[in-house]
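So you can see what is in the structure, the chains are spelled out below.
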Amino acid sequence: MNKQEMKNSEEPLVSVVLSFYNEKLFLPEAIQSVLSQDYDHWELLLVDDGSTDDSTELAKAYAAEYPGKITYVDHPYHQNKGLSASRNEGIKKCRGTYVAFLDADDIWMSEKLRFQVDIFKNNPGVTVLLESSLYWNSWKDKKKADTVVPVGAREGIYKAPQLMLSLYPLGKGAAPCPSGIMVHRAVLRRCVFEELFRGVFQMYEDQAFLCKVYLKETVYVSAACHNKYRQRRASLVSAVHDSGNYHKVRSYYLYWFRDYLHDQPFRYRAVERLLRKAQMPYREPFLYKVLVDLPKQGRKILIRLLIRLGILNYSKSW
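A. Unusual backbone geometry, seen in detail. Going from alanine 160 to proline 161, the amide bond is cis rather than trans, its omega being 0 degrees. Following the sequence through the fold, proline 161 ends up in the loop between β8 (156-158) and α6 (162-166). Tyrosine 168 connects to proline 169 through a cis peptide bond whose omega is 20 degrees. Positive phi values are uncommon outside glycine, yet tyrosine 77 reaches one of about 60 degrees. Within the secondary structure, tyrosine 77 sits in the loop between β3 (70-74) and α4 (83-92). According to the relative accessible area criterion, tyrosine 77 is exposed, its value standing at 82%. Not every positive phi belongs to a glycine, and histidine 78 is a case in point at roughly 55 degrees. Overall, the relative accessible area of 28% leaves histidine 78 in the partly exposed class.

What follows is the structure, encoded as structure tokens:
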């Protein structure tokens, strides 16, 4: 689609929110993957989280080249407010019925938007769509293999709160990547991004959003894969693991989620059990180690004893 065709295209059905901070190396490739979509009815919001490198000028240049299709957005006084605040800033300006997210170092395959819009059209009760992601190792070294990682649940429609029980961070199934998510815009009034997840805690900002989705929305899990999730040492996830802060960040999220659950009008007892189990290494590390190291039968006996003594008040998650 050339620039004139873009100017004359209909109002966007899909708003794409791409937030970035100092991503001059990867931002052009991410933007080009949106421009290369075989689906026309989109708008792209480039949300600058206070960048200090050339990515600000790059984003402004794309917005000037594609007026009406690409919009540059930043915070007042060009502040750095974090990824969640930047996503929220972009969402405020969305015009589309659907909203898709693209991380600044990831890219989409050309059929991504068309394929996902068709799923929504064919499943009118669905409000959120999650898809598999290609963990992209070969972008830098062609000898490294890429791996498609499906969302950790079978393809199909899930009512709340099914996915909360089966997907990370409480379940064992793989969580979706942000670049594979599309939602009805109305979802973003019920499920906002939490802006307190900043700094190293930003690693869990998508999980804080997704837990709300799992508790409130009807979700379609797709086995298809139309996004490439760039694997690199400089990413936030790698930095958190390399610095030994993973458990600090995970514990922060789990305590936030406990408070969030407490404020809901309904009880999610199965979710609460999994949450208590997930928190146990941080709340009762010695007892947790004892239980984990015991053989299964011995663990059951000890749990029954601890419940009788009032030390534990739950057991099903074990």
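B. Looking closely at the nonpolar core. The biggest cluster of nonpolar side chains holds 49 residues, and the ones touching the most others in it are Leu130, Leu163, Met164, Tyr253 and Phe257. If you tally residues by element for this core, the top one is helix α10 (residues 246-262), at eight residues. If near-sequence neighbours (up to four positions away) are discounted, methionine 164 is found in contact with Leu170, Gly171, Cys211, Tyr214, Leu215, Tyr253, Phe257, Val271 and Leu274. Core analysis: the second largest hydrophobic core is formed by 32 residues, Ile70, Tyr72, Ile119 and Met182 among them.

C. The arrangement of the packing of aromatic side chains in detail. What the rule picks out here adds up to 16 aromatic pairs. Seen from their ring centres, phenylalanine 26 and tryptophan 139 are 5.4 Å apart, and the 85 degrees between their planes marks the pair as edge-to-face. In this pair, phenylalanine 26 is assigned in the loop between β1 (14-20) and α2 (27-35) and tryptophan 139 in the loop between β6 (128-136) and β7 (147-149), connecting sequence segments 113 residues apart. Since its relative accessible area comes to 9%, phenylalanine 26 is described here as buried. Ring centres 4.9 Å apart and planes at 85 degrees place the aromatic pair tyrosine 135 and tyrosine 229 in the edge-to-face group. Residue tyrosine 135 is found in strand β6, and its partner tyrosine 229 is found in strand β10 (residues 219-230); the two are separated by 94 residues along the sequence. Of the residues examined, tyrosine 135 reaches a relative accessible area of 23% and is grouped as partly exposed. Members of the aromatic cluster, joined through ring pairs, are Tyr168, Phe197, Phe201, Tyr204, Tyr252, Tyr253, Trp256, Phe257 and Tyr260. Here the basic side chain of lysine 69 rests over the ring of tryptophan 42, its NZ or CZ set 4.1 Å away from the ring centre. For arginine 230, the ring lying beneath its charged end belongs to tryptophan 139, and the centroid distance is 4.8 Å.

D. Spatial organisation of helix α8 (residues 205-216). Here α8 is 12 residues long and its end C-alpha atoms lie 17 Å apart, about the 16 Å a rise of 1.5 Å per residue gives. Taken as a whole, α8 has its buried residues at Glu205, Asp206, Gln207, Ala208, Phe209, Leu210, Cys211, Lys212, Val213, Tyr214 and Leu215.

E. Broad picture of the pattern of salt bridges. Under the counting rule described, the total for this entry stands at 15 salt bridges. With its nearest N and O atoms 3.4 Å apart, the salt bridge here joins arginine 87 to aspartate 103. In this pair, arginine 87 sits in helix α4 while aspartate 103 sits in the loop between β4 (98-101) and β5 (107-108), placing the two residues 16 residues apart along the sequence. Both residues of the pair, arginine 87 and aspartate 103, belong to the buried class. A salt bridge links lysine 93 to glutamate 89; the nearest nitrogen and oxygen atoms lie 3.2 Å apart. Given a relative accessible area of 39%, lysine 93 falls into the partly exposed group. Members of the salt-bridge network, linked through shared partners, are Glu11, Glu43 and Arg95.

F. Representation of the pairing of β1. When you tally the buried positions in β1, you get seven out of seven residues, the bulk of the element. Neither face of β1 is exposed, since Val14, Val16, Leu18 and Phe20 on one face and Ser15, Val17 and Ser19 on the opposite face are all buried. As judged from the seven bridges shared by β1 and strand β2 (residues 42-48), these two strands associate in the parallel manner. Opposite valine 14, over in β2, you have tryptophan 42 as the bridge partner. With α2 bridging β1 and the parallel β2, this β-α-β connection has right-handed handedness. In terms of strand pairing, β1 meets β4 through four bridges, oriented parallel. Residue pairing in the sheet places serine 15 in a bridge with valine 99 of β4.

G. Examining the pairing of β10 more closely. Of all the 12 residues making up β10, nine are buried; the element is thus mostly covered by neighbouring parts of the structure. Of the pairings in the sheet, the one linking β5 to β10 comprises two bridges and is antiparallel in character. Looking at the pairing, tryptophan 108 lines up with asparagine 227 of β10. Here β8 pairs with β10 via three bridges, running antiparallel. The residue of β10 that forms the bridge with tyrosine 158 is valine 219.

How each quantity is defined
- Residues numbered from 1 in each chain as written.
- Predicted model: local features only at pLDDT ≥ 70, side-chain atom pairs only at ≥ 80, totals over all residues.
- Heavy atoms only, no water.
- Helix = DSSP H or I, 4+ residues; strand = E, 2+ residues; numbered from the N terminus.
- Buried < 20%, exposed > 50% of the residue type's maximum accessible area, 1.4 Å probe, protein only.
- Core = buried A, V, L, I, M, F, W, Y, C linked by side-chain atoms within 4.5 Å.
- Contact = heavy atoms within 4.5 Å.
- Phe/Tyr/Trp six-rings, centres within 6.5 Å; stacked < 30°, edge-to-face > 60°.
- Lys NZ or Arg CZ within 6 Å of the ring centre and 35° of its normal.
- Expected span 1.5 Å × (residues − 1).
- Salt bridge = Lys/Arg side-chain N within 4 Å of Asp/Glu carboxyl O.
- Pairing = 2+ DSSP bridges.
- Right-handed = clockwise from strand over helix to strand, strands pointing away.

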